[in-house]
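Fold and geometry: a report
Okay, here's what each chain looks like letter by letter:
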Amino acid sequence: MMSNFLTNQQIASLVEAIQSAEENSTGEIRVHIDSNTEALHAKTALEVFKKLDMHKTAERNAVLFYVHFEQKYLTIIGDIGIHEKVQQHYWDHLHDYITSEFVKGNYYRALKSAILETGIELKKYFPVKGENPNQLPNEITFS
């Protein structure tokens, strides 16, 4: 899948960042890049969250970065388990950081930093105890 905002190499590198961010936690992180939806982004993001089965992790600790580059739109959905721990101000801070980097054209760097930072939070609240199966695929999805 091609994106005008990320090279294939950057996309592959983001998948590696997800793997590394998930290594020390039971949490799951996904990135979804939408190029088609015209409106209702928040609703669409929730639909994507469900379609990717992100609400089905054992500890309800999946995080979705839903991006629409063309419309300069980003929403971050943290499932109830992680949301209860970090609270809304955490997502707001992350959202502000990513969108301010997007404005400068730093799409890859912003997403990579956000993924790794989210991994640190997930590790803090959901450390691995024993087995750590990958509950969701790490690849980036597109619509």
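Report on the accompanying structure. (Residues numbered from 1 in each chain as written. Predicted model: local features only at pLDDT ≥ 70, side-chain atom pairs only at ≥ 80, totals over all residues. Heavy atoms only, no water.)

Once that is clear, we can look at the packing of aromatic side chains. The geometry of an aromatic ring pair is captured by the separation of the ring centres together with the interplanar angle, meaning the angle of the planes. Taken as a whole and assessed by the stated rule, the structure comprises seven aromatic pairs. Residues tyrosine 66 and tyrosine 73 carry aromatic rings whose centres are separated by 6.1 Å and whose planes lie at 75 degrees to one another, so their mutual orientation is edge-to-face. Aromatic rings pair up to connect Phe5, Phe69, Phe102 and Tyr107 into one cluster. (Phe/Tyr/Trp six-rings, centres within 6.5 Å; stacked < 30°, edge-to-face > 60°.)

Relative orientation and spacing of two packed helices are given, respectively, by the angle between their axes and the distance between those axes. Contact geometry of helix 3 (residues 80-103) with helix 4 (residues 107-125) gives a least axis separation of 10 Å together with a crossing angle of 165 degrees. Put simply, helix 3 runs roughly antiparallel to helix 4. Both helix 3 and helix 4 take part in a crossing whose hand is right-handed. Where helix 3 approaches helix 4, its residues Ile82, Lys85, Val86, Tyr90, His93, Leu94, Tyr97, Ile98, Glu101 and Phe102 are matched on the opposing element by Tyr107, Arg109, Ala110, Leu111, Ser113, Ala114, Glu117, Thr118, Glu121, Leu122 and Tyr125. When the residues that make up the contact of helix 3 with helix 4 are grouped by side-chain class, the tally is 13 nonpolar, three polar and five charged. (Axes fitted to C-alpha atoms, helices over the stretch in contact; angles between N-to-C directions. Helix = DSSP H or I, 4+ residues; strand = E, 2+ residues; numbered from the N terminus. Parallel < 35°, antiparallel > 145°, perpendicular 65-115°, else oblique. Left-handed = near helix turned anticlockwise from the far one by under 90°. Contact = heavy atoms within 4.5 Å. Nonpolar A, V, L, I, M, F, W, Y, C, P; charged D, E, K, R; others polar.)

Counted residue by residue, strand 2 (residues 62-68) has seven buried out of seven residues, so it is predominantly covered. As defined by bridge partners, strand 1 (residues 28-33) adjoins strand 2 across six bridges and the pair is classed as parallel. In the sheet register, valine 31 faces strand 2, and the bridge partner there is phenylalanine 65. Taking the sense of rotation as the criterion, the β-α-β connection linking strand 1, helix 2 (residues 41-51) and strand 2 turns out right-handed. One ladder, built from six bridges, connects strand 2 with strand 3 (residues 73-78); its direction is antiparallel. Counterpart to valine 63 in the pairing with strand 3 is glycine 78. Where strand 2 folds back onto strand 3 in an antiparallel hairpin, the turn is made up of four residues, including lysine 72, whose phi is positive at roughly 50 degrees. (Buried < 20%, exposed > 50% of the residue type's maximum accessible area, 1.4 Å probe, protein only. Pairing = 2+ DSSP bridges. Right-handed = clockwise from strand over helix to strand, strands pointing away.)

Let us look at the sheet that holds strand 2. Read across the open sheet, the four strands follow the order 3-2-1-4; overall the sheet is mixed. Only two strands of the sheet have a single partner each, and these edge strands are strand 3 and strand 4 (141-142). As defined by bridge partners, strand 1 adjoins strand 4 across two bridges and the pair is classed as parallel. Across the sheet, histidine 32 pairs through a bridge with threonine 141, a residue of strand 4.

Right, let's get into the pattern of salt bridges. Inspection of every chain in the model, using the stated rule, returns six salt bridges. Taking the shortest distance from any N to any O, the salt bridge between aspartate 53 and lysine 56 comes out at 3.4 Å. The exposure class assigned to aspartate 53 is partly exposed, which follows from its relative accessible area of 33%. The exposed category is assigned to lysine 56, whose relative accessible area is 57%. We note a salt bridge from arginine 60 to aspartate 79, for which the minimum N-O separation is 2.7 Å. Of this pair, arginine 60 sits in the loop between helix 2 and strand 2 while aspartate 79 is found in the loop between strand 3 and helix 3, placing the two residues 19 residues apart along the sequence. (Salt bridge = Lys/Arg side-chain N within 4 Å of Asp/Glu carboxyl O.)

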